[in-house]
Amino acid sequence: MDTDQKPSIGYVYDGIYRPKKAIKDVFMHKKRVYKPFTNIIKGKYVQKERNNGCFIEMVTTLIGDKSIQRKCIDEVGVFQDRLGSFGRPLALDSSKTMQPDEYWKFFGCGALNLQNLAS
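Residues numbered from 1 in each chain as written. Predicted model: local features only at pLDDT ≥ 70, side-chain atom pairs only at ≥ 80, totals over all residues. Heavy atoms only, no water.

S.K.: How should I be thinking about the packing of aromatic side chains in this particular structure?
M.R.: In this description, an aromatic ring pair is defined by two values, namely the gap between the centres and the angle between the planes. This model, assessed by the stated rule, comprises 7 aromatic pairs. Consider the rings of Tyr103 and Phe107, whose centres lie 5.2 Å apart with planes at 45°: the pair is tilted. Remark: Phe107 and Tyr103 occur in helix α6 (residues 100-107); sequence separation between them is 4 residues, near one turn of the helix. Looking at Arg82, its charged tip hangs above the ring of Phe79, at a distance of 4.8 Å from the centre. (Phe/Tyr/Trp six-rings, centres within 6.5 Å; stacked < 30°, edge-to-face > 60°. Helix = DSSP H or I, 4+ residues; strand = E, 2+ residues; numbered from the N terminus. Lys NZ or Arg CZ within 6 Å of the ring centre and 35° of its normal.)

S.K.: Help me understand the nonpolar core in this model?
M.R.: The nonpolar side chains of a soluble globular protein tend to be buried with one another. Counting residues in hydrophobic clusters, the biggest one holds 14 residues, and the most contacted among them are Ile63, Tyr103, Trp104, Leu114 and Leu117. Counting only elements with at least two residues in this core, the list comes to α3 (48-62), α4 (66-80), α6 and α7 (112-118). (Core = buried A, V, L, I, M, F, W, Y, C linked by side-chain atoms within 4.5 Å. Buried < 20%, exposed > 50% of the residue type's maximum accessible area, 1.4 Å probe, protein only.)

S.K.: Whenever I open this one, the pattern of salt bridges confuses me. Can you help?
M.R.: Once the charged atoms of two side chains with opposite charge are near each other, the side chains can pair. One pass over the full model with this rule turns up 2 salt bridges. Between Lys21 and Asp25 there is a salt bridge; the shortest N-O distance is 3.4 Å. With a gap of 4 residues between them, Lys21 and Asp25 both fall in helix α1 (residues 9-26), about one helical turn apart. On the basis of relative accessibility, which here comes to 37%, the residue Asp25 falls in the partly exposed class. Among the salt bridges present, the one from Asp74 reaches Arg70, with a minimum N-O distance of 2.6 Å. Note that Asp74 and Arg70 are positioned in helix α4 at a spacing of 4 residues, about one turn of the helix. When its relative accessible area of 43% is taken as the criterion, Asp74 is described as partly exposed. (Salt bridge = Lys/Arg side-chain N within 4 Å of Asp/Glu carboxyl O.)

S.K.: How should α6 be read in this particular structure?
M.R.: Since the α-helix advances by 3.6 residues per turn, residues separated by three or four positions end up pointing in the same direction. Of the residues making up α6, those classed as buried are Tyr103, Trp104 and Phe107. Projection of α6 onto a plane perpendicular to its axis shows the buried side chains occupying an angular sector of 95°, all on one side. In α6, the exposed positions angled more than 90 degrees off the buried face are occupied by Lys105 and Phe106. Contacts made by the buried residues of α6 are with α4, α5 (89-94) and α7. (Arc of directions from axis to C-beta. Contact = heavy atoms within 4.5 Å.)

S.K.: Explain the environment of Leu114 to me, please; I cannot follow it from the model alone.
M.R.: Mapping Leu114 onto the fold places it in helix α7. By relative accessible area, Leu114 is classed as buried at 6%. Spatially, the C-alpha atoms of Leu114 and Asp74 are 9.7 Å apart, while their sequence positions differ by 40 residues.

S.K.: Is there a simple way to think about the side chain of Ser94 in this case?
M.R.: Following the sequence through the fold, Ser94 ends up in helix α5. Once you skip the residues sitting within four places of it in the chain, Ser94 turns out to touch Tyr103 and Phe107.

Don't take any of this as a statement about function, it's just geometry.
Here you go:
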């Protein structure tokens, strides 16, 4: 990756996906054994306020245009409330199995600014 370019969310998520997959492989895909470790990576033990702060920090770092930053923040509600394309049964099922960058490519049409950020 060129250091002058900011990484896409897909690149960042790849850094999360690979360790989770390695942990699952080490514990031979026994969910009750690997789940505590993957939850830590997934951020289950981080408070929601901190997550929102990290997301805002990421958006402001990756996007220079303040109007697009604001649109991204607004679109988070669409995603969190599972509105539009995010509320479709296929989108709900796929969110559990697809990598985040692929998920956003297919179902992010309801939040175009976030979709662009993810690609």
